[in-house]
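Results of the structural survey
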Amino acid sequence: MKGKIKRIVASAMCAVLVIGAAAGCGEKNTADDGIKRYTVFIGDSTKEPSADNKILKRFSEELGYEFEFEYLAGNLDEKLGVMIAGGDYPDLVMGDTKLIQAGALIPLDEYINEEDYPNLYRHIEPVKKRAAYDDGHVYILPNYGITYGERSTGGYYGPAFWVQKRVLADAGYPEIRTLDELFKLIEDYVAANPTTDGMQTIGYEILAAQGREYVMTSPAAYLAGSPNDGAVIVDKDTYEAKIYADSDYMKTYVSKVRELNEKGLVDPETFTQSLDQYHAKIASGRVVALFDQRWNFQTAEDTLGAQGMYDKQYAPVIPTFDETMEPWYKDKTVVNAQNGFGISTACEDPEGLLKFLDTILSEDWQKYIQWGEEGVDYMVDDNGMFYRTEDQRTQQSDEQWQAANKIVAFQGLLPKMEGEYSDGNGTDPAYQPDEFYESLEDYDKDFFEHYGAKTWSDFMNPIRENPPYYPAWQIDLEDGSDAQFANQKLTDLQVSYIPKMIMASSDADFEKLWNQYVDEIHNGVNVQAYEDRINEQIQWRLENWD
Amino acid sequence: MKKSKISKLKHTSVGDIIFVICNTLFMICVVVVTLYPMLNTLAVSFNDGIDTVRGGIYLKPRVFTWANYQSIFSKGNIITAFTVSVSRTVISALLNVVFTSMVAYTLTRKEYVFRRLITVVYVLTMYFNAGLIPGYMLIKELHLLNTFAVYILPGLVSAFDLIVIRTFMKTIPESLVESASIDGAGDFRIFWSIMFPLSAPVLATIALFCAVNAWNSWFDTFLYNSSSQNLTTLQYEMMKLLSSTMNQSATNAAAMAAKGDAATGLQTPVSTRAAITIVASVPILVVYPFLQKYFVKGMTLGGVKE
Amino acid sequence: MKTAVKSKKHPKSPEEIKTNRSFVQRMGLQWQLILMSIPFLIHRIIFSYVPLKGWLMAFQNYKPAKGWLDQEFVGLKWFKQLFSDTVFITDIRNTFAMSLINLSLGFITAIALALLLNEIKNTFAKRFVQTVSYMPHFLSWVIVAGLVQNMLSTDSGIVNDLIVKLGISDTKIPFLSEPKYFWGIVGASNVWKEVGWNTIIYLAAMSSIDPSLYEAASMDGAGRFMKMFHVTLPGIKTTFMMLLIMNIGHILEAGFELQYLLTNGLISSVSETIDIYVLKYGIQIGNYSLGTAAGIFKSVVSITLVFIANKLAGEENKLI
C-alpha cells in the first residue's frame, strides 16, 4: 500500500517536471513554409469554429494564412489589465481603448494606402475621422457600421417600446404616437383580457437586472424625441449635452409608470427578476408591452415562435411624450468606432496581416463569408439575385453546422461590407429585402399588410441625418477618471431609486423620493466631470469631423 | 468494534427508537432538499433549449433532447481539456497531501526552532492577496506562463490544509513519536511510517479539498494559459460556453443580432448551462464516495493506538 | 521576542529542557525537520509574499502600461475616497453582517448535521446521505441563485405557494424586494449549498475519536445524548476552535456572487458587499489602485482579528 503511494507520488513529480519542461513558448513565425501564421485574440467565446472549418481552410489553402485563436471566458477587463502590464500581446487583437491608451496598437492610418490595400482604403477612407481615436489616428478597424448604399436591414433589433401583435390587432392596428396612448392601449387590453392561457395577463414589464439597466433608465430620452445618446440629451441647436436622469422628462416617465403600477398593470416582480425570469415571462405570452432593445429578448420571442404563438410576439411602437415631438428611435447606422480588430505592436509583419484584411474585403470574399458557397448555401435566381431555400435557411441556425461552415466569432470583429454589393445583392441575407420577406410567417405577412410595411424597419421612424457629433454614447470615458466614477454612481442611484419611485404608494411619496433622488445626484455625484468630458468630446467632433 | 455492537443492542430503548425515526425522517428531508437542485439541473439539461425559456421545469424534462450535451461534446478540444483537468487534479491532490502533511509534522515538534516562524508565515497568507496584476507579473517572471506547472506550483502546501493537518496530528499521542525516537528513528522515518498512515482520515479530507479545488479552478487557465490550446481545462472550456457573450458591448450585440447570424447565440441557453454544470461536476462528485473508506479506517487505527 | 513571551507562559515541556542548547546546535540536530519544511517556506514566501510589492499600487494612480516605479504617487487618496463614500461604509456593514450570519449558521448547521449523521449506524445510508448533501457545493452560484429566485418568486414560486396554502400569510411575500429578508435569504442559501460540504471536516474529526471513550461512557450508563455531548462534541472541539479562529479572519468575506446575482435596486442598500463595490468602482473601470486599497483595508482588519482571537483562545487551541 505504502509502496504504491510512493510510486504514484514519484511518477507525479516526474510528470510535473516533464510537462513543465515540454511546454516551452511558441515563437511567433510570420513566414516559414510560405504560410503566414498569426495569433488572434477574441475577447469572448461566441461560437468557436471547428478544426475543419470550411472558411478557415480556404484562408489557409488559397490565401496562405493560418490563425491561432484565443477565445476568452471570464472578465475581459481583468485579462486586458494583465496583458498590458505584462506587455504580452497577440498579433491581431480585439480592440479596446485600454489598449490604445497603453500604446499597444499600431496606427493603421499610417499603413493603409490606396495602392497596397485598395479594398481597405475604399472601406476606411470615407469614415476615417469617425473611426479615429482622440489623437486622430485609426487604431481599430470598425467591425460594424460602414455601409454601402442606402439599404437597411429587414429586421429591427434596436430600442423601441414593444407591444404584442395581438394587442395591436385587437385595437384595429392603430398608430401609437404618445406614451399616454400606449398606456391606455395596455390598460384597455388587460381589462378586456385579464388572463392569457389561464395565467394572469401582465400589462407592462421592466427589466432591472445587472448590466441591463438601460431598459429602466433610457426610455425617457427616446420619449423626449432624443436619439440614442446614452446618459445625456444633446441640445439640437447648441449641441450642449446634459444628463437627463434628473430632468422633467425622467420625472414624467417615472410618474406615468407609477400610475400604471397603481392600476396593477406593472408586473409586481418586475424589479427583482433575473434575465432568465424576464425571458420566461415573455415566453409565456402574457406580457402585453415592454421597453427594450430587441436583441435582448430575442430568445424569448423565438420560444413564442416555436410554439406557434406569433400573435404574442412583438411589434415596435415609437411613442413620444406629446405629438409635437418627433420620434427618433432608429438612427442612421453609425460607425461602430473603437470596436473591431487592431494590430498590436508585437506583430512582426503587420503588412502581411493588413494584406489579408484587404483581400477578404473584396466583394468575392465578402459574398463567400457572408452568404456562403453558391449552390450549396444559397441559390441565384434568373435576375442574378441571391436567395436561400427553406433547408438552407434552417441549417443556418444549427450550431454544429455553424461551427463547421461559418466563422461567427472571427467575422463579428472583422471589418465587413454592409448594405449592397455592386451587383445589387444585399451583403448578407438580412440586407436582401425579398429574402427577408420570404422568411416571415404568414401571420406576420398579414400583420405587415395592415401597416403597409415590408420590413420591421418600416415600423420605425423614417431615417434622418444624424446630428454632426452623433452618437454621444460612443464617447469613451477614460479609465479611472472622475467622469467614469460619476457615470457609475449615477447608474447606481438610478437603479436604486427608480424602482422605489415607481412602487411609491402615493403622489406625495413619489414627490418625496424624487426630491431625495435629485438631491443625491446633485450632491453625491460629480455630474460636472461627466458632462464636461462629453461636451469636450462633442466639441472636438464638431471641429474635426466632416 | 465488536464491543460497540453489543452495547448498541443493550441500550435499545423507546427513546432510542423515537430518535432513530426522527433522525431518519430528518435525513430524508436533507436528502430531498439537497438532491433537488442537482436533479433539477439534470432535468433542465435534457430539455429542449427553446422550450426551457418558458420555465417551470422541475424534476423531469418536458421536451427531451440530447442536443445540449451534443453541442458540448462537439467541441474539438474537449478531450484535451478533460485530460489536463484530470492530471492537474490527481497530481495536485497527491503532492499536496504528501508535502503538506510533511510540513505539518514538523510543526507538531515543539522543539523545532522554526516552528513559530513557519506557522506565522503560512497563517498570514490566508488573509491577504497581492492582487491580480502583481500575481500575474510574478508568474511571468518565473517563466511559468503557458506551462502545466502553473496549475500545481503556486498552490502547493496551502495554509488552511497545513493548519488542519497539524491540528489533527496533535491529537496523535506523543508517546508514539517518543518511543520511535528512542528506537533511533529519524524525523523522516517517524513522519513516513507513523504520522502519515495514522492521519488517514484527515489526509483523505485534505485530498478531497485539494482535488475539488484543482478540478474547479478555471481562473488560472484564464489568466496564465488562455493562449495555449493544449493546456486548457474542462472548467475553462465550460466557462467559455457559459459566458459566451458576457464581454460583448451592447452595440456589438445589437449589430450581430441585426445580421441574423448570431441572434440566438447572444445568451447561453439555460439548458446548455445546465448541461455544462453536469459535465463539469459529475466527474468530481464520484471522488468522495471513494475516499469515504479512509474515514472508517482512521477509526480502527485510533482504537489500536494505545 | 515573541518566543520569549511564549516560553514564559507555558511550563517547560521535557523537550524544552532537553534542548537547552544554543540555537545553532539545535538547528544542527533538527536538520531533518529543516529539510522537510524550509524549502516549502521559501516556496510560500516567493508565491505569496514577493507579489506583495504590488500593494504600492494603493498609493499610486496605477496604470498597467507603466512600470512599478514610473507611476504617479497619490498618497492616501484612494483610502480617503473609500472612507468618505457612504456607500462603502454601508457595504462594510453589509459584508460584516452577512458574514457573521453565514459564519454562525454555517457552524451550527454543519455540526448538527455531522452529529446526526454520526448517529446513523447503517454505513451505506450514512455514505449516501453524506454524498447527496454535499452535491449542491458543486453547483455554481448562478444556478443556485436562479433556483432561489424561482422558488421565492411571487408569481409561481413554491415557497410563496406553500405560505399561502398553509395559511401563514394571506398574501404572497415579496421576498426579494424587501430589504429585511435579504440577509436571511443569503444565509439560508449558503446553508443549502454548503452544509454537506462543511460537515466533511467534522466527520473526519469524529472518525478519529477513540472508540474506547464511547464504551467507557456506555459502561457508566450514558445514553445517546449524553455520549453526544460528553464524547463526540469534546472530540471535535479542537477542529471547531481551529476553524473558528481561521474564519474570524474572513469576517470581511461574505461571498460575492450570490449577492451580485440576487440584488436589485430595491434592496441594494443591504445587499452590496465590499467585493461588489471593488468590482464596480475598481476592476470594471480599470481602477486597480482603488481595489488594492480596499484589499489592504480588508487584510489589516482580518489579521488584527485573527491575532486577537488567537490571544483569546486557550493555550491548546492556539492557531499561531
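Rules and cut-offs
Residues numbered from 1 in each chain as written. Chains lettered and ligands numbered in written order. Predicted model: local features only at pLDDT ≥ 70, side-chain atom pairs only at ≥ 80, totals over all residues. Helix = DSSP H or I, 4+ residues; strand = E, 2+ residues; numbered from the N terminus. Contact = placed C-beta atoms within 7 Å. Rg over C-alpha atoms; globule rule 2.2 N^0.38 Å. Buried ≥ 20, exposed ≤ 12 C-beta atoms within 10 Å, placed from the backbone. Nonpolar A, V, L, I, M, F, W, Y, C, P; charged D, E, K, R; others polar. pLDDT = per-residue confidence, 0-100. Pairing = 2+ DSSP bridges. Axes fitted to C-alpha atoms, helices over the stretch in contact; angles between N-to-C directions. Expected span 1.5 Å × (residues − 1). Bend = angle between axes of the 7 residues up to and from the residue. Left-handed = near helix turned anticlockwise from the far one by under 90°. Domains from an automatic or database assignment. Parallel < 35°, antiparallel > 145°, perpendicular 65-115°, else oblique. Right-handed = clockwise from strand over helix to strand, strands pointing away.

Describing the overall build of chain B
The secondary structure content of chain B amounts to 17 helices and zero strands. The contacts in chain B between residues at least 6 apart in sequence include a share of 74% that link residues at least 24 apart.

Section: the overall build of chain A
Helices and strands together make up the secondary structure of chain A, namely 23 helices and 17 strands. Since a compact globule built from 546 residues should have a radius of gyration of about 24 Å, the 26 Å found for chain A is in line with a globular shape. Viewed in the frame of its principal axes, chain A has a C-alpha envelope of about 75 × 75 × 65 Å. Classification of the 546 residues of chain A by burial places 49% in the buried group. Partitioning the intrachain contacts of chain A with sequence separation of at least 6 by distance along the chain shows that 77% fall at a separation of at least 24.

A closer look at the interface of chain B and chain C
Each partner contributes to the interface: chain B provides 77 residues, whereas chain C provides 79 residues. Among the elements that line the side of chain B that touches chain C, the one with the most residues is helix 2 (residues 14–45) of chain B, at 14 residues. By residue class, the composition of the side of chain B that touches chain C is 47 nonpolar, 23 polar and seven charged.

Notes on the confidence of the model for chain A
When the pLDDT values of chain A are averaged, the result is 89; 94% of them are 70 or greater. Note on residues 12–29 of chain A: pLDDT is under 50 here. Beyond four places in sequence and across chains, it has 21 contacts.

Observations regarding the confidence of the model for chain B
Residue and element names in this part refer to chain B. Confidence in the prediction of chain B, expressed as mean pLDDT, is 85, and 84% of residues score 70 or more. Highest mean pLDDT in chain B belongs to helix 8 (residues 149–152) (97); lowest belongs to helix 1 (residues 2–10) (47). Counting contacts from residues 1–8, a segment whose pLDDT is below 50, to residues more than four positions away or on other chains yields seven contacts. Segment residues 261–265 is flagged for pLDDT under 50; beyond a separation of four residues in sequence, or across chains, it makes 17 contacts in the model. Reported confidences for the modelled complex are a pTM of 0.87 and an ipTM of 0.87.

A look at the sheet that holds strand 12 (residues 287–293) of chain A
All names here are of chain A. Spatial ordering of the open sheet is given by 9-12-6-13, a layout of four strands whose pairing is mixed. For this open sheet the edge positions go to strand 9 (202–205) and strand 13 (314–317), each flanked by a neighbour on one side alone. Each neighbouring strand pair of the sheet contributes to a mean axis angle of 25°, computed without reference to strand direction. Pairing geometry for strand 6 (residues 159–164) and strand 13, over four bridges, is antiparallel. Following the sheet pairing, F161 is matched in strand 13 by V317.

Some remarks on the pairing of strand 12 of chain A
All names here are of chain A. Among the seven residues of strand 12, seven are classified as buried, and the element is accordingly described as predominantly covered. Bridge count for strand 6 against strand 12 is five bridges, and the pairing is antiparallel. Its bridge partner lying in strand 12, A160 is registered against D292. Relative to strand 12, strand 9 runs parallel, the two being bridged by three bridges. By the bridge assignment for strand 12, E205 is matched with L290.

Considering unusual backbone geometry
For the bond running from Y470 of chain A to P471 of chain A, omega is 0°, close enough to zero to count as cis. For Q338 of chain A, which is not a glycine, the phi torsion comes out positive at approximately 60°. Locating Q338 of chain A in the fold gives a position in the loop between strand 13 and strand 14 (340–343). The phi dihedral of H143 of chain B is positive, around 55°, even though this residue is not glycine. Tracing the chain through its elements places H143 of chain B in the loop between helix 7 (132–141) and helix 8.

Looking at the environment of P37 of chain B
Position of P37 of chain B relative to the elements: it lies in helix 2. Taking the C-alpha atoms as reference, P37 of chain B lies 9.2 Å from Y58 of chain B; in sequence the two are 21 residues apart. Residue contacts for P37 of chain B: discarding those within four places in its chain leaves P136, L139, I143, V144 and L147 of chain C.

A closer look at helix 10 (residues 179–207) of chain C
Residue and element names in this part refer to chain C. Counted at 1.5 Å a residue, the expected span for helix 10 with its 29 residues is 42 Å, and the 42 Å between its end C-alpha atoms agrees. Approximately 55° is the largest bend angle found in helix 10, and it occurs at E194. Burial of helix 10 is extensive: 22 of the 29 residues sit out of reach of the surface.

Brief notes about the packing of helix 5 (residues 78–108) of chain B against helix 12 (residues 200–216) of chain B
Residues and elements named next belong to chain B. Closest axis-to-axis distance for the helix 5/helix 12 pair is 8 Å, and the angle between their directions is 145°. Here helix 5 runs over helix 12; the crossing is right-handed. On helix 12, the residues that touch S85, R88, T89, S92, A93, N96, V97, T100 and S101 of helix 5 are L203, I206, A207, C210, A211, A214 and W215. A breakdown of the residues in the contact of helix 5 with helix 12 according to their chemical character gives nine nonpolar, six polar and one charged.

So, the sheet that holds strand 1 (residues 36–42) of chain A
Residues and elements named next belong to chain A. Pairing is mixed in the open sheet, where five strands are placed in the order 2-1-3-14-4. This sheet does not close on itself; its edge strands, each paired only once, are strand 2 (65–71) and strand 4 (140–142). When the angles between neighbouring strand axes are averaged without regard to direction, this sheet yields 25°. Pairing between strand 1 and strand 3 (residues 92–94): two bridges, direction parallel.

Focus on helix 3 (residues 76–86) of chain A
Residues and elements named next belong to chain A. Among the 11 residues in helix 3, eight count as buried, and that is most of the element. Considered for burial, the residues of helix 3 that qualify are E78, K79, L80, G81, V82, M83, I84 and A85. Positive backbone phi, at 65°, marks G87, one or two positions downstream of helix 3.

Concerning the domain arrangement of chain B
Residue and element names in this part refer to chain B. The assigned domain composition of chain B is domain 1 (1–75) and domain 2 (77–304). If you list the elements that add at least two residues to the side of domain 1 that touches domain 2, you get helix 2, helix 3 (49–52) and helix 4 (67–73). Considering each element in turn, the side of domain 1 that touches domain 2 owes the most residues, five residues, to helix 4.

Digging into the environment of T324 of chain A
With respect to the helices and strands, T324 of chain A occurs in the loop between strand 13 and strand 14. It is 40 Å that separates the C-alpha atoms of T324 of chain A and D135 of chain A, two residues lying 189 residues apart in sequence.

Things to note about the environment of S344 of chain A
Residue position: S344 of chain A is located in the loop between strand 14 and helix 14 (350–360). Through-space distance from the C-alpha of S344 of chain A to that of G308 of chain A is 49 Å; in sequence the pair is 36 residues apart.

Considering the packing of helix 5 of chain B against helix 9 (residues 159–170) of chain B
The geometry of a pair of packed helices is captured by two quantities: the angle between their axes and the separation between those axes. All names here are of chain B. As a packed pair, helix 5 and helix 9 sit with axes 8 Å apart at the nearest point and diverge in direction by 55°. Taken together, the axis directions place helix 5 and helix 9 in an arrangement best described as oblique. Classified by chirality, the crossing of helix 9 by helix 5 is right-handed. Residues N96, T100, S101, V103, A104, Y105, L107 and T108 of helix 5 form the contact with helix 9, whose own contacting residues are D161, L162, I165, R166, M169 and K170. Here the contact of helix 5 with helix 9 is built from residues that sort into seven nonpolar, four polar and three charged.

What about the pairing of strand 2 of chain A?
Residue and element names in this part refer to chain A. With burial as the criterion, only one face of strand 2 is covered, namely that bearing Y65, F67, F69 and Y71; the residues E66, E68 and E70 on the opposite face remain uncovered. Bridge analysis of strand 1 against strand 2 gives seven bridges, and the strand direction is parallel. Opposite T39, over in strand 2, you have E68 as the bridge partner. Crossover connection from strand 1 via helix 2 (residues 54–63) to parallel strand 2: handedness right-handed.

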